[in-house]
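Each chain is listed here by its residues.
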Amino acid sequence: MDRAQKEKLVEELGQIFASSGVVVVAHYAGMTVKQMQDLRAKMRAVGGSVRVAKNKLAKIALEGNPSAKMGDLLTGMTVLAYTEDPVAGAKVSEEYAKANDKFVILGGSMGGTILDPAGVKAVAAMPSREELLAQIVSMIGAPASSIAGAIGAPASNIASILSTIEEKAAA
């Protein structure tokens, strides 16, 4: 790899660190190509990606970045898993680590916050963006359905009273 390629790679990594919602750093020693392809496919399914890069180049890319302290995690054979949606990337990484003991989460970053393995696990436990939107919509819809029920209740009460009076008159 010549100097120009290294500079381009450092620039790409810098953009990844700056624009990603979450970056998870993990060891992947002993993983097969098929296992790595499986991880990449799962990350792609949630709009993310997986990148293997030289630690030294990744540390250079982290300089001046709010998550620069994440450079301490970059030792040994590391892989970077990242997504724009912080919860989705952490969930995929956490689920994959449970299923594959060769994929060991070291930590990561979410914006300027550095995460340890427990932090990544906590982010993975949070509801996803879609789940939060569904909860908000249901909360917004609940008062409207209560109002509709309250408005419709008097009419149904009047109808039942009239039918009771009608039944008594017929009897």
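Heads up: the structure comes first, above all this text.
Quick caveat: nothing in here was measured; it's all calculated off a predicted structure.

**Comments concerning the packing of aromatic side chains**
No. 1: Applying the stated rule across the entire model yields 1 aromatic pair.
No. 2: With a centroid separation of 5.5 Å and an interplanar angle of 85°, the aromatic rings of Tyr-96 and Phe-103 are classed as edge-to-face. Exposure class is identical for Tyr-96 and Phe-103. Each is buried.

**A few points about the packing of helix H4 (residues 86-99) against helix H5 (residues 117-125)**
No. 1: For the pair H4 and H5, the least separation of the axes is 7 Å and the interaxial angle reads 115°. Comparing their axes, H5 and H4 come out roughly perpendicular. For H4 against H5, the interelement crossing comes out left-handed. Note on element contacts: H5 touches H4 through Val-120, Lys-121, Val-123 and Ala-124, opposite Pro-86, Val-87, Ala-90, Lys-91 and Glu-94.

Conventions we followed
- Residues numbered from 1 in each chain as written.
- Predicted model: local features only at pLDDT ≥ 70, side-chain atom pairs only at ≥ 80, totals over all residues.
- Heavy atoms only, no water.
- Phe/Tyr/Trp six-rings, centres within 6.5 Å; stacked < 30°, edge-to-face > 60°.
- Buried < 20%, exposed > 50% of the residue type's maximum accessible area, 1.4 Å probe, protein only.
- Axes fitted to C-alpha atoms, helices over the stretch in contact; angles between N-to-C directions.
- Helix = DSSP H or I, 4+ residues; strand = E, 2+ residues; numbered from the N terminus.
- Parallel < 35°, antiparallel > 145°, perpendicular 65-115°, else oblique.
- Left-handed = near helix turned anticlockwise from the far one by under 90°.
- Contact = heavy atoms within 4.5 Å.

Any functional reading would require information that these geometric values do not contain.
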